[in-house]
Amino acid sequence: MSTYYNGNINGPGRMGSYGRTGDDGPDPETVFRLTEGLLEALHAELPGLVVHGEVIMAALEEAAADGGPPNRGRIRSSLEAISIGAPAGTGSLAFTQQLVHLLEL
């Protein structure tokens, strides 16, 4: 048996409800909460990367306003930029990883 981490945040079989609402995708409230946490962490740890967090929040707000899905391309690009710039062990990187898994990017 391998100990390789496969990114499954809900345990074996993806059972559990952390941030997910069945097959409808992630719970918008959870995504907003994590993005707010990411922005706070970026302001405190990596002010130069705040713009990427703001892009994510803008994409989520736009989706909430028009009732459609968020722009996954914009969000993915911003999360990748933060992942590259955030050192290991920072809150910014932890929030980024949680959003990647929650949004299944």
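Since we're looking at a predicted model, the values are computed, not measured.

**Concerning the overall build of the protein chain**
When you go through the protein chain residue by residue, the secondary structure sums to four helices and zero strands. Listing the helices and strands of the protein chain from first to last along the sequence gives α-α-α-α. Relative to its full complement of 105 residues, the protein chain shows a buried share of 33%. By sequence separation, contacts in the protein chain at least 24 residues apart represent 55% of the contacts at least 6 residues apart. Working note: accessible area of the protein chain is about 6,300 Å², and carbon and sulfur atoms make up 55% of it.

**Observations regarding the confidence of the model for the protein chain**
Interpretation of this model should avoid reading the predicted coordinates in detail wherever pLDDT is low. Per-chain confidence: the protein chain averages 83 in pLDDT, with 77% of residues scoring 70 or above. Here residues 8-18 scores under 50 on pLDDT; set against residues more than four positions off or in separate chains, the count is 14 contacts.

**Some words on helix α2 (residues 50-66)**
Helical periodicity: at 3.6 residues per turn, an α-helix aligns residues three or four positions apart in one direction. When the terminal C-alpha atoms of α2 are compared, their 25 Å separation across 17 residues agrees well with the 24 Å that a helix rising 1.5 Å per residue should span. All buried positions along α2 are accounted for by Val50, Gly53, Ile56, Met57, Ala59, Leu60 and Ala63. Buried-residue contacts for α2 involve α1 (28-45) and α3 (72-85). Glycine 67 lies just past α2 and shows a positive phi near 80°.

**Structural notes on the pattern of salt bridges**
Throughout the structure, instances matching the rule amount to one salt bridge. A salt bridge links glutamate 62 to arginine 74; the nearest nitrogen and oxygen atoms lie 3.6 Å apart. Taken together, the positions of glutamate 62 in helix α2 and arginine 74 in helix α3 put the pair twelve residues apart, joining distant regions of the chain.

**Overview of the side chain of threonine 96**
Relative to the helices and strands, threonine 96 resides in helix α4 (residues 91-103). For threonine 96, a relative accessible area of 0% gives the class buried. Once you skip the residues sitting within four places of it in the chain, threonine 96 turns out to touch Leu38, Leu79, Ile82 and Ser83.

**Points about unusual backbone geometry**
One non-glycine residue, glutamate 104, lies in positive phi territory at about 55°. Within the secondary structure, glutamate 104 is located in the segment after α4.

**Concerning the nonpolar core**
In terms of nonpolar packing, the biggest core is built from 20 residues, with Leu38, Leu42, Ile56 and Ile75 touching the most fellow members. For this core, the secondary-structure elements that each account for two or more residues are α1, α2, α3 and α4. In this structure, isoleucine 75 is in contact with Ile56, Ala59, Leu60, Pro70, Leu103 and Leu105, ignoring residues within four places of it in sequence.

Reading guide: rules and limits
Residues numbered from 1 in each chain as written. Predicted model: local features only at pLDDT ≥ 70, side-chain atom pairs only at ≥ 80, totals over all residues. Heavy atoms only, no water. Helix = DSSP H or I, 4+ residues; strand = E, 2+ residues; numbered from the N terminus. Buried < 20%, exposed > 50% of the residue type's maximum accessible area, 1.4 Å probe, protein only. Contact = heavy atoms within 4.5 Å. Areas by Shrake-Rupley, 256 points an atom, 1.4 Å probe, with all protein chains shown as cover. pLDDT = per-residue confidence, 0-100. Expected span 1.5 Å × (residues − 1). Salt bridge = Lys/Arg side-chain N within 4 Å of Asp/Glu carboxyl O. Core = buried A, V, L, I, M, F, W, Y, C linked by side-chain atoms within 4.5 Å.

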